[in-house]
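# Tertiary structure, described
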Amino acid sequence: MRRVRYYEYGGPEVLRVEEAEVPAPGPGELLLRTEAIGVTLPVVRKVREGGLPLPASIGGEVAGEIVAVGPGVTGFAVGERVTGLCFGDAYADHAVLHTAMASPVPPGVDAADAVALVRCGLVALGAYEAARPAEGESVLVTAAAGGSGHLAVQLAKARGASRVVAAVGSAAKADFVRSLGAEEVVTYEDESWGDPVDIVLDAVGGELLSPAIAALAPGGRLVAYSSGGGTIEAYDLLVGAKSAIGFQMALIARGRPELMARWRGELWELYASGQVRPRVHAELPLEDAAKAHEIIEARVNQGKVVLRPV
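The shown structure was predicted, so the numbers you read here are calculated from the model rather than taken from an experiment.

## Description of the sheet that holds strand β2 (residues 15-19)
Strand pairing in a sheet relies on backbone hydrogen bonds. The paired strands run either parallel or antiparallel. Across the sheet, three strands lie side by side as β2-β1-β4; this open sheet has antiparallel pairing. Of all the strands in the sheet, the pair left with one neighbour each is β2 and β4 (56-57). Bridge analysis of strand β1 (residues 2-6) against β2 gives five bridges, and the strand direction is antiparallel. Note on β2: the bridge partner recorded for Val-4 is Val-17.

What follows is the structure, given as structure tokens:
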């Protein structure tokens, strides 16, 4: 099979496509023939910034057909289609997925939709839940055209937000985020992000944290779910009785699997009703993984970027 790895840290140019043996699933694991692979900003950052022993495999979101099951596996069978998070070689023709991270894909659902909806949708829904929203509150979403952000905009509308503001890096994305249901669009460079909101869902971090906190109404809550870091001044929270909340999907996955299952069920219901639909910016063959990373790094994507093994 083909897989993508990197032998040095850097930009998209360090990614290598190489041949490898098809892995065997271990206890509690599934072997998939991958149909779609999600490309995310955290993964792109990890390749550039380092932190893993080299050579490094690329983990991430996958969807595909089960072709083998490991010892002790129950509830899954060869021929079924699943999606989930792979911690090994995700950028590959075959991927190993632990059953705890696997979610069945309903019949007839495209693999690109499945890989976008379940992982990015879980992050978006979890971040929104972390804000403890009340019906009728207003919401601002940063990176609103991104993989999780474009789903967060739709989820806020479906959950009864009175007003959804989409914050994006370029005015060229305005029409796209409006098509998702955003009533207002601001760019990061705008002097004002409009009337204050009750909730900010932030997937960017860094220098955007200050304007994001400033966009909150008194008593408002910011949920940070970005890997971009950044610092918030305590005084900026104090003067408006505002809150900053960190959200990490991995903690939910490890400690509250029943909550993940409930969220997955809600996402599929919203998908079936048409209230939430993933948008795919680009589908590229596996050998173009570097090009997919270039798209993410340039922040030009409007929706999900997906690799398609052929």
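## Details of the pattern of salt bridges
Within the structure shown, the criterion is met by 17 salt bridges. Across the salt bridge formed by Asp-89 and Arg-3, the nearest N and O atoms sit 3.7 Å from each other. Of the two residues, Asp-89 is situated in the loop between β6 (81-86) and β7 (94-98) and Arg-3 in strand β1; the sequence distance between them amounts to 86 residues. Accessibility classification places Asp-89 together with Arg-3 in one group, the buried group. One salt bridge in this structure joins Glu-266 and Arg-159, with 2.7 Å as the shortest N-O distance. You can see Glu-266 sitting in helix α8 (residues 257-272) and its partner Arg-159 sitting in the loop between α3 (149-158) and β10 (163-168), a full 107 residues away along the chain. Among the residues examined, Arg-159 registers a relative accessible area of 27% and is labelled partly exposed. Overlapping salt bridges, with partners in common, bring together Arg-3, Arg-5, Glu-18 and Asp-89 in one network.

## Some thoughts on the nonpolar core
In terms of nonpolar packing, the biggest core is built from 90 residues, with Tyr-91, Val-177, Leu-201 and Leu-307 touching the most fellow members. The leading source of residues in this core is helix α2 (residues 111-130), at 13 residues. Filtering out sequence-adjacent residues up to four positions away, Tyr-91 remains in contact with Arg-2, Arg-3, Val-4, Ile-37, Gly-38, Val-39, Val-43, Ile-58, Leu-286, Ala-289, His-293 and Leu-307.

## A look at the sheet that holds strand β11 (residues 184-187)
Ordered by their spatial adjacency, six strands build an open sheet running β11-β10-β9-β12-β13-β14, and the pairing between neighbours is parallel. Two strands bound the open sheet, and with one partner strand each, they are β11 and β14 (243-246). If you compare each strand with its neighbour and ignore which way they point, the axes differ by 20° on average. Contacting β9 (138-142), β12 (197-202), β13 (216-224) and β14, α2 crosses the sheet at an angle of about 145° to β12.

## What about the pairing of β10?
Buried residues dominate β10, accounting for six of its six residues. Sheet topology note: the β9/β10 ladder contains five bridges and is parallel. If you follow Thr-142 over to β10, its bridge partner there is Ala-167. You can see the chain leave β9, run along α3 and come back into β10, and the turn it takes is right-handed. In this sheet, β11 lies alongside β10 in parallel orientation, the contact comprising four bridges. Looking at β11, one finds that Ala-166 is bridged to Val-185. A crossover connection joins β10 to the parallel β11 through helix α4 (residues 174-179); in handedness this β-α-β unit is right-handed.

## What about empty space enclosed by the protein?
For the structure shown, the criterion picks out one cavity of 30 Å³ or more. Taken as a whole, the largest cavity encloses approximately 70 Å³ of empty space. Contributing to the lining of the largest cavity are 13 residues, with Gly-84, Leu-85, Met-101, Val-118 and Arg-119 lying nearest its centre. Elements with a contribution of two residues or more to the lining of the largest cavity: β5 (60-69), β6, α2 and α8. No other element matches the four residues that α2 contributes to the lining of the largest cavity. In terms of residue class, the lining of the largest cavity is made up of seven nonpolar, three polar and three charged.

Reading guide: rules and limits
Residues numbered from 1 in each chain as written. Predicted model: local features only at pLDDT ≥ 70, side-chain atom pairs only at ≥ 80, totals over all residues. Heavy atoms only, no water. Pairing = 2+ DSSP bridges. Helix = DSSP H or I, 4+ residues; strand = E, 2+ residues; numbered from the N terminus. Salt bridge = Lys/Arg side-chain N within 4 Å of Asp/Glu carboxyl O. Buried < 20%, exposed > 50% of the residue type's maximum accessible area, 1.4 Å probe, protein only. Core = buried A, V, L, I, M, F, W, Y, C linked by side-chain atoms within 4.5 Å. Contact = heavy atoms within 4.5 Å. Axes fitted to C-alpha atoms, helices over the stretch in contact; angles between N-to-C directions. Right-handed = clockwise from strand over helix to strand, strands pointing away. 1 Å grid on protein atoms, 1.4 Å probe; cavity = no way out; pocket = protein on both sides within 12 Å on 5 of 7 lines; lining within 4 Å. Points joined across faces, edges and corners; volume = space filled by probe spheres on them. Nonpolar A, V, L, I, M, F, W, Y, C, P; charged D, E, K, R; others polar.

This is a description of form; function is not addressed.
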